[in-house]
Amino acid sequence: MTQNDRATNMGQYERTILMAEDELTEYSSTLRKIEKLRVKIGLSVSREEQQQLKKTLMAELPTGGIAKTVETQRQTAALPFWGIAGLGLLFGIAMAQPLDFLFTLGGGAIAYKIQQWGWRMQAKRLVLLTLEEIDDRIQERA
């Protein structure tokens, strides 16, 4: 695979993940999201690229541990850090302690990054489920 092919595949990878993130913003069932994403992927990603994308996603996505918890419960995982940010703000204002505002900034930044990480993993999982759905439909026809 040449450098240009890798760049093209990486661009396709990012576009596919962005399509999944767009689907996550809509309030609908997972099956409906997969159905809509299946059409988009089917039109914009070749079969060979789909297989490569599936392999990449299977290697990247967590199967356990903290990463799996963040993927499935990103808001719950970020909640303690939102609490730290709120307490830093409260103590910074109530006790006139400027250093407490560092906790506000730090806790807020960590909570935001945790939620962003979980959102990205959830989008990747949606793409993987969609690719598996496409494979299942192809197997049924064969």
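Everything below is about the structure shown above.
K.L.:
I'd like a rundown of the overall build of the chain, residues and numbers included.
P.N.:
A tally of regular secondary structure across the chain gives six helices and zero strands. The order of α-helices and β-strands along the chain, N terminus first, is α-α-α-α-α-α. The globule rule puts the C-alpha radius of gyration for 142 residues at 14 Å, and the 20 Å found for the chain is more than 25% above it. Dimensions along the principal axes, computed over C-alpha positions, put the chain at roughly 70 × 35 × 25 Å.

K.L.:
Describe the nonpolar core, and please don't skip the residues or the numbers.
P.N.:
Leu37, Ile41, Leu57, Val127 and Leu131 are the most contacted members of the largest nonpolar core, which has 18 residues in total. Among the elements of the structure, α1 (3–24), α2 (30–44), α3 (47–60) and α6 (100–141) are those that each provide at least two residues to this core. Leave out the neighbours within four places in its chain, and Leu57 touches Tyr13, Ile17, Lys124, Val127, Leu128 and Leu131. Core analysis: the second largest hydrophobic core is formed by six residues, Val70, Ala78, Ile114 and Met121 among them.

K.L.:
Any chance you could break down the side chain of Thr104 for me, citing the residues and the numbers?
P.N.:
Its location among the elements puts Thr104 in helix α6. There is a polar contact of 3.1 Å between the side chain of Thr104 and the backbone oxygen of Ala85. The residues contacting Thr104, other than those within four sequence positions of it, are Ala85, Gly88 and Leu89.

K.L.:
Please provide a residue-by-residue account of the pattern of salt bridges, values included.
P.N.:
Evaluated as defined, the whole model comprises twelve salt bridges. Where Glu35 meets Arg32, a salt bridge forms, and the shortest distance between an N and an O atom there is 3.2 Å. Taken together, the residues span about one helical turn, with Glu35 and Arg32 both in helix α2 at a distance of three residues. Salt-bridge contacts for Glu71 lead to Lys68; the nearest nitrogen and oxygen are separated by 4.0 Å. Of this pair, Glu71 and Lys68 both sit in helix α4 (residues 65–72), three residues apart, which is roughly one turn of that helix. Relative accessible area serves as the criterion here: at 6%, Glu71 is assigned to the buried category.

K.L.:
An account of a nonpolar patch on the surface is requested, with residue identities and associated values reported.
P.N.:
Where nonpolar side chains cluster on the molecular surface, the patch consists of Leu87, Leu90, Phe91 and Met95 and spans about 400 Å² of accessible area. As for its placement among the helices and strands, Leu87 is situated in helix α5 (residues 74–94). On the accessibility criterion, Leu87 (46% relative accessible area) is partly exposed.

K.L.:
How would you explain the side chain of Arg74 if you had to name every residue and give the values?
P.N.:
With respect to the element layout, Arg74 can be found in helix α5. Of the buried charged residues, Arg74 lacks a salt bridge, with Glu71 as the closest side chain of opposite charge at 9.1 Å. A polar atom in the side chain of Arg74 sits 2.4 Å from the side chain of Gln122.

K.L.:
How would you explain the packing of α3 against α6 if you had to name every residue and give the values?
P.N.:
Running from N to C, α3 and α6 point in directions that differ by 135°, and their axes come no closer than 10 Å. With respect to each other, α3 and α6 are oriented oblique. Crossing angle aside, the handedness with which α3 passes α6 is left-handed. Residues Arg47, Gln50, Gln51, Leu53, Lys54, Leu57, Met58 and Glu60 of α3 form the contact with α6, whose own contacting residues are Lys124, Val127, Leu128, Leu131, Glu132, Ile134, Asp135 and Ile138. Residue composition of the contact of α3 with α6, grouped by class: eight nonpolar, two polar and six charged.

Conventions we followed
Residues numbered from 1 in each chain as written. Predicted model: local features only at pLDDT ≥ 70, side-chain atom pairs only at ≥ 80, totals over all residues. Heavy atoms only, no water. Helix = DSSP H or I, 4+ residues; strand = E, 2+ residues; numbered from the N terminus. Rg over C-alpha atoms; globule rule 2.2 N^0.38 Å. Core = buried A, V, L, I, M, F, W, Y, C linked by side-chain atoms within 4.5 Å. Buried < 20%, exposed > 50% of the residue type's maximum accessible area, 1.4 Å probe, protein only. Contact = heavy atoms within 4.5 Å. Polar contact = N/O pair within 3.5 Å; in protein donor to acceptor, adjacent residues only side chain to side chain. Salt bridge = Lys/Arg side-chain N within 4 Å of Asp/Glu carboxyl O. Patch = residues over 30% accessible without salt bridge, like charges linked within 9 Å, V, L, I, M, F, W, Y side chains within 5 Å. Areas by Shrake-Rupley, 256 points an atom, 1.4 Å probe, with all protein chains shown as cover. Lys, Arg positive; Asp, Glu negative; His and termini not counted. Axes fitted to C-alpha atoms, helices over the stretch in contact; angles between N-to-C directions. Parallel < 35°, antiparallel > 145°, perpendicular 65-115°, else oblique. Left-handed = near helix turned anticlockwise from the far one by under 90°. Nonpolar A, V, L, I, M, F, W, Y, C, P; charged D, E, K, R; others polar.

Shape descriptors only; they carry no functional weight alone.
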